[in-house]
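Architecture and fold: a report
The chain contents come next:
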Amino acid sequence: MYTGVEPTKYAKKNIKKFNAKISDTYTNKVTHVIINKNKNQFKRTVKLMKALSTSIPNGGPEIVHEDWVSSCIDKGEVVNENDFRPSSIPKSAFDKRNASTTNIFDGYSIYVTKNVKPPPNELKTIIEMGGGEYCSLAQMKRTKSKQKICLTCNDDIKTLEKDILLFDGIYTNEFILSGLVQQQLDGEKFSMKDILYN
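Thresholds applied
- Per chain, the residues get numbers from 1 upward, laid out in the order the sequence is written.
- In view of the model being predicted, local features appear only for residues whose pLDDT reaches at least 70, and side-chain atom pairs are presented and counted only at 80 or more, with totals across whole chains, interfaces and linings using the full set of residues.
- As a rule here, side-chain values cover all heavy atoms of the structure and leave hydrogens and water aside.
- A run of H or I in DSSP becomes a helix once it reaches four residues, and a run of E becomes a strand once it reaches two; helices and strands are each numbered from the N terminus.
- A simple rule labels every residue: compare its accessible area, found with a 1.4 Å probe on the protein chains alone, to the largest value its type can have, and call it buried under 20%, exposed over 50%, or partly exposed in between.
- Whether two residues are in contact is decided by their heavy atoms, any of which lying within 4.5 Å being enough.
- Surface accessibility follows the Shrake-Rupley procedure with a 1.4 Å probe radius. Residue values consider only the protein chains on display as shielding.
- Polar contacts, as counted here, are pairs of nitrogen or oxygen atoms within 3.5 Å of one another; within protein the pair requires one atom able to donate a hydrogen and one able to accept it, and residues that are adjacent in sequence qualify only if both atoms are side-chain atoms.
- Ring geometry is summarised as follows: Phe, Tyr and Trp rings, the Trp one being its six-membered ring, pair when their centres sit within 6.5 Å, and such pairs are stacked at plane angles under 30 degrees, edge-to-face over 60 and tilted between the two.

Let's shift gears to the overall build of the protein chain. Of regular secondary structure, the protein chain possesses eight helices and six strands. Traced from its N-terminal end to its C-terminal end, the protein chain shows the element sequence α-β-α-β-α-α-β-α-β-α-β-β-α-α. The buried share among the 198 residues of the protein chain stands at 48%. Taking contacts inside the protein chain between residues at least 6 apart in sequence as the whole, the part at least 24 apart equals 68%. Split by element, the accessible area of the protein chain, about 10800 Å² in all, is 47% carbon and sulfur.

This is the structure in structure tokens:
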């Protein structure tokens, strides 16, 4: 599956030789996600975020740049993905994703306020694919056993004043988006609790 970059005519014409097809939608059958090689054109698409949410041992797809496809076609075989990792994602993130036996949001219950981007319905899929539990505010009040967090934005932060004590952390969308790219969730860097107290 390609995201943030289009397949070349060469790739479209020759990929069938590998009994493969290019998917337009992300499903658990996707084995490879192809993104742009150019670091300056890196796009954090929803498809890429879905792919990053699942570790390799848990069935997540390989993530490579577009030269991997043409190299496979040229050599007539599937070549090593590690030689075609996009530089826009840190090597340490690939190492963590390859080694992790859990997905990145395992143990988290997450509530998303209505104006967060990407929209809550898209974040729901990303969170659940990553092993997290996507919760409404009512569900969050009943959840006891998990790390309870909220994703919010400046437009919604004031709506949380009466529920602030429900959450172990209140963060911007970057908690998830940057967390997926880095394969490390940084609560301190993306916290919004200070804004609530000002």
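Along the chain, serine 53 falls in helix H2 (residues 46-53). Among the polar contacts listed, one links the side chain of serine 53 to the backbone oxygen of lysine 50, at a separation of 2.6 Å. Ignoring anything within four residues of it in the chain, the contact list for serine 53 reads Asn103, Ile104, Phe105, Ile126, Met129, Gly130 and Leu180.

Relative to the helices and strands, phenylalanine 175 resides in helix H7 (residues 174-182). According to the relative accessible area criterion, phenylalanine 175 is buried, its value standing at 2%. Sequence-wise, phenylalanine 175 and tyrosine 111 are 64 residues apart; in three dimensions their C-alpha atoms are separated by 13 Å.

Evaluated as defined, the whole model comprises three aromatic pairs. Taking 6.3 Å as the distance between ring centres and 65 degrees as the angle between the ring planes, the aromatic pair formed by tyrosine 108 and phenylalanine 175 counts as edge-to-face. Here tyrosine 108 is found in strand S3 (residues 108-112), whereas its partner phenylalanine 175 is found in helix H7, with 67 residues between them in sequence. Residues tyrosine 108 and phenylalanine 175 agree in their burial class; the two are buried. Relative to phenylalanine 175, the ring of tyrosine 171 lies with its centre 4.2 Å away and its plane at 10 degrees, an arrangement referred to as stacked. Taken together through their ring pairs, the aromatic side chains of Tyr108, Tyr171 and Phe175 make up a single cluster.

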